[in-house]
Amino acid sequence: FYGVEMQNKGNFNRKPLPKKNEAAEGAVVGRNALRELLASGRDVDKIFVQRGEREGSIKVLVAEALARGIPVVEVEKQKLDMLSGGGTHQGVVAMAAQKDYSTIEDIIAKAEEKGESPFVIILDGVEDPHNLGAIIRSADVFGAHGVVIPKRRASGITAVVDKASAGALEHMAIAKVTNITDAIKKLKDNGLWIYAAEVGGEDYATVDYGKGAIGLVLGSEGYGVSRLVLENCDFKVSIPNYGHVNSLNVSCAAAVVLAEVAKARHK
């Protein structure tokens, strides 16, 4: 048992819909607003573009976004109408991050400033913003230096995440990366041992985590840790199951394993 809730892909991971005539949280609506957002240098989670709208200023804005590595998703007009709360979106709505993202190097430097071995949480596709916020909260409580999340198929930093973190987001470095496997390799190059919370591993409570540099990988709500990511981890740990349901929610599993790692690091 690996502590990740195996949900179906129904309504569990969907963000709450905005109310009628109310834009979604973090939405930046329209071409001029997007142009200013990109010029500001503020982090952007993704940009939604109306299908077929790639002419004029949209083409320039999309090119700039792609050059900066910002995901651009083509959607139907109804999706943009919903995100903008019925406002005039001109075929584009961006979702701005709630805070600026850090880099893996920033996280390593943060640990060095504290005179501690790096302790990093790596999330392989956590989609529910409430889960992400709860994990960030646990990461702060148990002394992690940063959280790594992917750019695609995962929750970014939104107002919902901020609220669920109960203030911990302000203290936690969040790195958003293009490829989780590459991020793990970079962390290993910096001396971290990588543990994956996944089925079929050693009992998490019997593992000697020591006081060295550690990365903990947690998988998505629906599929757990992906095969390629798992292949690049050094160890696999599991939470024993003595009950009837088959798993814990991923944020609950994170708290359980993080507590054990923190105990070893602070003995």
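Shown above is the structure to which this text applies.
Below: a short report on this structure. (Residues numbered from 1 in each chain as written. Predicted model: local features only at pLDDT ≥ 70, side-chain atom pairs only at ≥ 80, totals over all residues. Heavy atoms only, no water.)

### Considerations on the sheet that holds strand β3 (residues 72-75)
- Read from one edge of the open sheet, four strands run β1-β4-β2-β3, paired in mixed fashion. Looking at the sheet topology across the chains shown, the edges are occupied by β1 (27-29) and β3. Strand-to-strand twist in this sheet, taken as the mean axis angle between neighbours without regard to direction, amounts to 25°.
- The pairing of strand β2 (residues 44-50) with β3 spans four bridges and is classified as parallel. Bridged to Q50 within β3 is V75.
- Contacts from helix α1 (residues 31-40) reach β1, β2 and β4 (92-96) within the one sheet, and its direction differs from that of β4 by about 35°. (Pairing = 2+ DSSP bridges. Helix = DSSP H or I, 4+ residues; strand = E, 2+ residues; numbered from the N terminus. Axes fitted to C-alpha atoms, helices over the stretch in contact; angles between N-to-C directions. Contact = heavy atoms within 4.5 Å.)

### Overview of the pattern of salt bridges
- A full pass over the atoms with the stated rule returns eight salt bridges.
- In this structure, the salt-bridge partner of R51 is E74, at a minimum N-O distance of 3.7 Å. Taken together, the residues R51 in the loop between β2 and α2 (57-67) and E74 in strand β3 connect sequence positions 23 residues apart.
- A salt bridge links E76 to R51, with the nearest nitrogen and oxygen atoms 2.8 Å apart. Within this pair, whereas E76 is found in the loop between β3 and α3 (77-83), its partner R51 is found in the loop between β2 and α2, the two being separated by 25 residues in sequence.
- When salt bridges with common partners are traced through the structure, they connect R51, E74 and E76 into a single cluster. (Salt bridge = Lys/Arg side-chain N within 4 Å of Asp/Glu carboxyl O.)

### Observations regarding the packing of helix α4 (residues 104-113) against helix α7 (residues 180-189)
- Where α4 contacts α7, the axes come no closer than 11 Å and their chain directions differ by 35°. Crossing geometry of α4 relative to α7 is assigned as right-handed. Across from I104, E105 and I108 in α4, the residues of α7 making contact are A183, K186 and L187.
- Here the contact of α4 with α7 is composed, by residue class, of four nonpolar, no polar and two charged. (Left-handed = near helix turned anticlockwise from the far one by under 90°. Nonpolar A, V, L, I, M, F, W, Y, C, P; charged D, E, K, R; others polar.)

### A few points about the pairing of strand β6 (residues 146-150)
- Most of β6 sits out of view: five of its five residues are buried.
- Across the two faces of β6 the burial is the same, with G146, V148 and P150 and V147 and I149 all buried.
- Pairing geometry for strand β5 (residues 119-124) and β6, over three bridges, is parallel. Bridging from a neighbouring strand, V120 pairs with G146 of β6.
- A crossover links β5 with its parallel partner β6, the connecting element being helix α5 (residues 129-141), and its sense is right-handed.
- Examined bridge by bridge, β6 and strand β7 (residues 173-177) share five bridges and lie parallel to one another. Directly across from P150, in β7, lies its bridge partner V177.
- Taken together, β6, helix α6 (residues 159-164) and β7 constitute a β-α-β crossover, and its handedness is right-handed. (Buried < 20%, exposed > 50% of the residue type's maximum accessible area, 1.4 Å probe, protein only. Right-handed = clockwise from strand over helix to strand, strands pointing away.)

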